[in-house]
Every structure is written in C-alpha cells, then in structure tokens.
Amino acid sequence: MRINRILKMKNLGIFRDFSWPAGLPCLARYNLIYGWNGTGKSTIGNMLQSLERKRNVKAIVEIEFDDNTAIEGNAFSTSDIPIRVFNRVFVSNNVFPEDGIAAPIFIIGEENKEKHNRIESLTKELENKEKDLRMLGDELKQIESDFETHCISRAKAIKTTLTAQDSDYNNYNKSDYKETAEKSLTSKSVLPLLLDSAEEQRLMQIHLGGIKEEIDSVDISFSNIQKVLEDTSKILITTVVSSVIESLQDDQELSDWIKEGLSIHKKRCADCCLFCDQTLPPKRIVKLEAHFNKEYMALAEKVLDKIKELQVLKLKIQNIALPDKARIYEDLIEDYKSACEEIKKETTTAIIKLDRFENAMKNKALSPFRAIEMEFDGTLLNDEVINGVNRIINEHNDRSREYIQRKKAARYKLEAHYVISTINEYQNYIKKLDELRIAFAELKLCIDSKKKEKESLEKDIAPHGKTAQELTRELKAYLGHGELVFFACETGYLIKRGNIVADGLSDGEKTAIALLHFLKTLKDSRFDLSNGIVVLDDPVSSLDANALFGAFGFIKSRTKEAKQLIVLTHNYAFYKQIREWFGNLRGPDKKSKSIFMLECNYSGKERKTAIREIDKLLKDYETEYQYLFKYINDIATSSVSLGLDGYYPAPNIARRVLETFLAFRMPNENTLYGKLEAIDFEEEKKSRIYRYTQTHSHRNLIGDQEDDLTILAETPAIMRDILELIKKEDLKHYDNMIKVIS
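Residues numbered from 1 in each chain as written. Predicted model: local features only at pLDDT ≥ 70, side-chain atom pairs only at ≥ 80, totals over all residues. Heavy atoms only, no water.

Considering the overall build of the protein
Basically, it comes down to this: A run of H or I in DSSP counts as a helix once it spans at least four residues, and a run of E counts as a strand once it spans at least two, with each numbered from the N terminus. In this scheme, a residue with accessible area under 20% of its type's maximum is buried, one over 50% is exposed, and one in between is partly exposed, where area comes from a 1.4 Å probe on protein chains only. Note on contacts: a residue pair qualifies if any of its non-hydrogen atoms lie within 4.5 Å across the two residues.
When you go through the protein residue by residue, the secondary structure sums to 26 helices and 15 strands. Looking at the 742 residues of the protein, the share that counts as buried comes to 45%. Of all intrachain contacts in the protein linking residues separated by at least 6 positions in sequence, the fraction that spans at least 24 positions is 73%.

Let's talk about the pattern of salt bridges
Let me state the cut-off plainly: The working definition used for a salt bridge is a side-chain nitrogen of Lys or Arg within 4 Å of a carboxyl oxygen of Asp or Glu.
Tallied over the entire structure, the rule returns 44 salt bridges. With a closest N to O distance of 3.6 Å, Lys212 and Glu330 form a salt bridge. Taken together, the residues span a long stretch of sequence, with Lys212 in the loop between α5 (197-208) and α6 (225-237) and Glu330 in helix α11 (residues 330-366) at a distance of 118 residues. Classification of Lys212 by relative accessible area gives partly exposed; the value is 21%.

A look at the packing of helix α22 (residues 650-665) against helix α25 (residues 715-729)
Selection rule: With axes taken as lines fitted to C-alpha atoms, and helix axes fitted only over the stretch in contact, angles between N-to-C directions fall between 0 and 180 degrees. Roughly parallel refers to an angle under 35 degrees, roughly antiparallel to one over 145, roughly perpendicular to one between 65 and 115, and oblique to any angle outside these ranges. Ten residue types, Ala, Val, Leu, Ile, Met, Phe, Trp, Tyr, Cys and Pro, are classed as nonpolar, four, Asp, Glu, Lys and Arg, as charged, and the remainder, Gly among them, as polar.
Where α22 meets α25, the closest approach of the two axes is 11 Å, and the angle between their N-to-C directions is 10°. For the element pair α22 / α25, the angle class is roughly parallel. Along its contact with α22, which presents Ala650, Ala654, Val657, Leu658, Phe661 and Arg665, the element α25 presents Thr715, Met719, Ile722, Leu725, Ile726 and Glu729. Considered class by class, the residues forming the contact of α22 with α25 number nine nonpolar, one polar and two charged.

Brief notes about the environment of Ile392
Along the chain, Ile392 turns up in helix α12 (residues 383-401). In this structure Ile392 comes out as buried when scored by relative accessible area, which is 11%. For Ile392 and Tyr336, which are 56 residues apart along the polypeptide, the C-alpha to C-alpha distance reads 6.3 Å. Not counting residues up to four positions away in its chain, the partners in contact with Ile392 are Leu332, Asp335, Tyr336 and Ala339.

Structural notes on the environment of Arg370
By the secondary structure assignment, Arg370 is in the loop between α11 and α12. Note: C-alpha distance between Arg370 and Leu236 (134 residues apart in sequence) is 8.5 Å.

A look at the environment of Arg688
Cut-off, in case you're wondering: Pairs of N or O atoms within 3.5 Å make up the polar contacts considered here, provided that, within protein, one atom can donate a hydrogen while the other can accept it, and that residues adjacent in sequence are counted only when both atoms are side-chain atoms.
Here Arg688 shows up in helix α24 (residues 683-696). Considered as a pair, Arg688 and Ile718 are 30 residues apart in the sequence and their alpha carbons are 7.5 Å apart. Not counting the four nearest positions on each side in its chain, Arg688 is found in contact with Glu714, Ala717, Ile718 and Asp721. Reaching out from Arg688, the side chain makes a polar contact with the side chain of Asp721 at a distance of 2.3 Å.

Some details on helix α1 (residues 41-52)
Let me state the cut-off plainly: Multiplying one less than the number of residues by 1.5 Å gives the expected span of a helix.
Taking 1.5 Å of rise per residue, twelve residues should cover 16 Å, and α1 covers 17 Å from first to last C-alpha, within 8% of that figure. Counted residue by residue, α1 has nine buried out of twelve residues, so it is predominantly covered. Every buried residue of α1 is listed here: Lys41, Thr43, Ile44, Gly45, Met47, Leu48, Gln49, Ser50 and Leu51. Lys54 occupies a position one or two residues after α1 and carries a positive phi of about 55°.

Points about the confidence of the model for the protein
One rule of thumb: low pLDDT means the predicted coordinates there are not for detailed reading. We apply this condition: Along the chain, pLDDT gives the predictor's confidence residue by residue, from 0 to 100.
Overall, the predicted model of the protein reaches an average pLDDT of 83, with 86% of residues at or above 70. Every residue in residues 699-706 is under pLDDT 50, and counting partners more than four places away or in other chains gives seven contacts.

Some remarks on the pairing of strand β13 (residues 564-569)
Definition in use: If DSSP finds at least two bridges between two strands, the strands pair.
The buried count for β13 comes to six of six residues, which makes it a mostly enclosed element. The alternating pattern of β13 places Gln564, Ile566 and Leu568 and Leu565, Val567 and Thr569 on opposite faces, both of which are buried. Where strand β12 (residues 533-537) lies against β13, five bridges are found, and the strand directions are parallel. Residue Val535 lies in a different strand from β13, and its bridge partner there is Ile566.

Overview of the pairing of strand β10 (residues 493-497)
Consecutive side chains along a regular strand alternate between the two faces of the sheet. Relative to β10, strand β9 (residues 484-488) runs antiparallel, the two sharing five bridges. Among the inter-strand pairings, Ala488 is bridged to a residue of β10, identified as Tyr493. Where β10 and strand β11 (residues 500-501) come together, two bridges link them in antiparallel fashion. Each residue of the ladder has a partner; that of Lys496, found in β11, is Val501. In this antiparallel pair of consecutive strands, β10 and β11, the connection spans two residues, and Gly498 shows a positive phi of 75°.

Section: unusual backbone geometry
Trans peptide bonds make up the majority, and among non-glycine residues the majority have a negative phi. Phi is positive for Lys54, which is not a glycine, with a value near 55°. Structurally, Lys54 can be placed in the loop between α1 and β4 (60-65). What makes Lys54 partly exposed here is its relative accessible area of 39%. With a phi angle near 70°, Asn68 is a residue other than glycine that sits in the positive phi range.

A short note on the sheet that holds β4
Whenever strands of a sheet pair, they do so through backbone hydrogen bonds, lying parallel or antiparallel. Pairing is antiparallel across the open sheet formed by four strands, whose spatial order is β2-β1-β4-β5. If you trace the sheet from one side to the other, it starts and ends with β2 (15-19) and β5 (70-72), each paired once. Sheet twist, expressed as the mean angle between neighbouring strand axes with direction ignored, is 15°. Here six bridges tie strand β1 (residues 3-12) to β4, and the two strands are oriented antiparallel to one another. Directly across from Ile6, in β4, lies its bridge partner Ile63. Relative to β1, α1 is tilted by about 110°, and along the sheet it contacts β1, β2, β4 and β5.

Take a look at the structure:
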C-alpha cells in the first residue's frame, strides 16, 4: 500500500487549510519533499507518525491511498497501515542516556527506552513499596506482639483463677485461650453465654469447694395423717343416744366424776356407796347405766384415742429433723435455707391446724351428745415445700456422686465466660492481623511481580541483535570517522570518545545513531518493507557535510526495497543527493518518482504552507543559490506588487543569497555585517539591506517593537539594491546568473 495524496490538512500546524491541488501529481514510489525550516516538514512527519502509532489527530486530515481508500485523522487509531517514520521525535525516543549514574549508559531503541523508563518507574515504585512493606511489617509485628501479650495476659488470669489441686487449668496457657476464643467465634452456640455475677459466684464455689458426704432426704410423709384427720372430723359430728340425766349433761366435771365412780363400783360389785358408805338405791344405778351406756363409752374412748393420736402427730411434726446447712455445698446453702424456712412455715401452720383439731376433740369429750363442725381442707403439709428441700439435697448428693464432672463443667463455663468477656478485643486483634497479613502478602506479591518484571526488562534491554562492534563499525562508516566506540553494558551501551567516556552526544551523533537504529528496524519481522511506507523527516539534521554522504549511502541501501519512500529535508546538499539518486532510477522505477517543495506565505496575521511541484531551478540546477537568485530577480523586475503576504519570505532569501555570494568575495570576514562593510558600495543602500535582512530574516510570528511588517513594502527596492550590489561587485557573475535564470 502507498500513499497517493494528502487530500486535506486543515488547522494542522502551519497547514491552515491545505487541499491537494488538482494539477499536482500524486505521490509516487520514491518521493522527495524540499522545504526550509518552518515550512511544515515536521508537521507532515509528526502527522504520519501518528498514523504509524495509531493515534488520532484533532486537526482535519485525510489521506488517500493507491487502492482508492482514504482515512481521516480521527480514525488513525483503527488503521493498520504499514508505515515507519523517522523524525526528531524518533531520535529523542530512541537515543538517550540512563540517568543517575556517573558514566552515562546510552539506550538505543524506542522499545528499549520505553522499557528503560518502565525500569526507572519500577525502581521508584519498588523503593516506595518496599518502604511501605517494611512499615507494614513493623506494624504487623507490633500488632502480633500486642496480640500475644493480650493472649498471655488473659491466659494467666484464667490460670490464676481456675488453678486448684485437681484442676485441668494448672498449666493453662495462651494456646488454650486462643483455642477457646476461636471456638466462640466459629460456633457461639456451643459455648455458654456470659454469666451474671450470681452464676459466676456459684460456679466459683463449685470450683473451689471440696467433696461432701451424701445427705438423707427429709421424710415428712405420715401414712395415717389423712385418716386420723378424717376420723377426727367424723367423731366430732357423732352424737350419743341415751337416757340423759340432765344434771350430768351440762356438768362435765361432775359427769366425769360420776362416770369414773360408777366404773369403780361395778368393778368391786359394791352395793354401798364407797364414798358415803350408804346403800345405793337400785334405781339410781340403773339411771346412771342408762346415762353412761355402751355407745357413750365407746365414743368417749374414741375421743380419747384421737386426742392421743393428734398429740403424737403434733410431736412428730415438731420433731422433724432437717440436715445442718453446713453439710450442704456452699452454692446451695442460700436456696437450702430458703427451703427450710418454707418447711418451718408449713409445719407451724400444720401444728396450728392440729391444735384446733385437738381442742375440738377435747370439747367433744365434754359434749358427746353435741355434734361439733370442724372444717378441714384435706391437706396438712404441702408436699411441694417438702420436695423443695429434698430437691436441693438430691442436687447436693448428685454433686457428691459427680464431683469431678461438676468441677470440670463449672471450670469450663468459667473459662468460657472469661474468654467471651474479652472476645471483642480478641476479635479486633484477629481482624486487624488478618487485614495486615493480607495487605502484607498482596504487597509482597506485587513487589515480587514488579521485581520479576524489572529483571525481565533488564534482560530484554540488554544489547541484542546489533552488537557494540556493529554499532561502532556502522557509525564510523556513517560519520566518516571512528572517534566513537561502543561497549556493551548490562542495559545499554557505554560510549567512549577515544579513551574517555563520552559524557554526552551531539545532536548530529544522536541523529546518526538513531537513523542507524531506524534503518535496522526496517528489517524487523513485524514490518514488511516490501509492502511498507518509509518516511524520513530531515534524517541528516545537524550532520556535517562529510556525514551527509555516509547517511545517504545507508538510507539508499536500506530503503530502496520499500513499497514507498518519502524523504523530507531542508538540507540542499542532501536534497541534491536524493534528487540525483531518483534521477538515476532505472526500469519501472524511472517514472515512479515525485519531487515537491513546501511553499510558505504570509496571509494576514498567519503563515500558511502548501505543497507544490519543485521549482524548475531547484529541479534542474546544482545549487539552491540559482533558485534564490531567480526569486530576488523576479521581485526586483516585476511590475506587480505581491503585497506583504507575498514578500514574507523575501528577507530570509535575500540574506541567504548575500551570505552565499559574499562568502567567496570576502572570505576573511565572518559576519554579514563585516562582509557588507568590506565591499565598495553605497553606504546608505548597504545599511538598508543589512537592516532589512537582519530584522526580518530572523523574525518570529509575534515580533518585537522593531518588527514592523510595513518595511516589507520596501522589498522590491531592496531586491534591486541587492542585484545592483552583486552586479557592481562581480559583473561577470551577475551576467551569467541572469542567463541561467532567463
């Protein structure tokens, strides 16, 4: 693929609004574009380099190719045009010294420069990251130390608390603490919750307490109590049917006395009163027996029996023996005391109930003929109260039977309690350590990765392909001298000038080395020269005349196979060499060449450049001087004013013509001023010529106070003064030049 035309360049540097002229030939296989400095060569080179590097340009640009396709500047990033561009950007990107070392090591090649820049960037990154890693490591060590101190402190506190003769915690350490803490974090449901102070105290009592003997349960279960009370209630409501003696019915004391006396008389079969020794009336005995009949006697006997039973029952309840609280495990004592108090209350209530029954029975004994109502709720002692004491006793006995297991369980709960009470602090340490370790590992991994990348780049950047000997040999052929010698180093080349390490390279030397490298890259496997476009923008910039021939030889031999070659230059000597090469092409290539020039004019307040065919004088004659002489003569002899725009390049051209002409006439003078002063010519005209060339040939876009563009209106007159000066100084030369340009 070849570039056919640059269809548009608008607002691209000095190309304000360029379109390829209709009559201008297309670019050929071999192309030469001549233009002075400031006419837009670098602009074209940079634009084509953007195409090479797939970077869009903001200006309006459109390039047409020989296959009738076109690409605009805003689509460069999507192009795959095989093109290589050499320009000042390439030079600066491909030959540079490595900074920061005593003897500069020169890196050659843009890829190597990019790698070197990456190495420098990695070095700085590694310094910062290794510093960060050290700081992170110090912080990690400190947190680890604080964490270990925390674990040791907590383990020591737990060990101190739970140490006992039969304890498993006598050798408790930080590992045990950590294990329990981890369990609490991973399976909280397995561990007990935090204990309240009462529960903690209870468990501590278990932990510290010794084994105690088992205690018999309290037995307050009287099998006949219910029957006694039920029988008592029945007796109280029982009445006796008899021949009642009124005087005895209401006088219990008398009744009892007579009843007992009757019993004695019957036992002794006495007919006389044993008290008064008088004969007992028969009817009196009959009446008394009728009053104290069998039913009466039976009831009286039952009443007495029940009173005795009630008294025995009361005595049993009063004599209930509760185990001494000192026999109970310490943590159960308070509950035991409370249960005992409940029993005391219950037995007191029971005694009161029994007293009421006993009193009622005594009243019944006095009033057997009267029914006594006595309420009874069916219970005397609350079994639940009694069971409360026995439950505590049973727990006490269970503990005694399971002494070891209970102590272990109590200590385990206490340990868990103490661990969980500080679990937030533990968890914060773990979280912080995890974060730091992850950050440390990631940073370490990043550093290792960057170190590997740096090592790989350092290996890649080491000289390869083009050896130091090759560089030395080629540069000698290029520059025409062997002053510079290359020595391979780890990441580039050490250059010596003679036997002394070169502290730096001149612009011309950098250009030479960069061009040699560029020409070498054209053989790169990633670039097909036979199908590629090669662009050389001022490849001999800053080179002396001797080096031009060497450069031309390398360029010709290594670009002649290119699909298309575009050379841009401001150096007339180099221009002539390329022009001569193109002029001697043979075969199909003879007609496949184009030579153009860049023409810059001033329009209003701006300069603008256009591409046009090379001027006939530049094309056909050996020196640029002839073309410039013709330019001056055309202005001097023209009757049509070109205006300020047309006269803009005139001061520079006038200066170059004078310098060339006077260089041979006045070889002993070094400056234009000195040369003008040395010739015999009107002083006023010499001063006007000098001021014109001195002021405007070096002007900037925005000039100083002396930069008055109106002086350009004097251009035709000053051009005539210059021709008059040349004619007066060398008439023969003047006449021959007029013939050449005519």
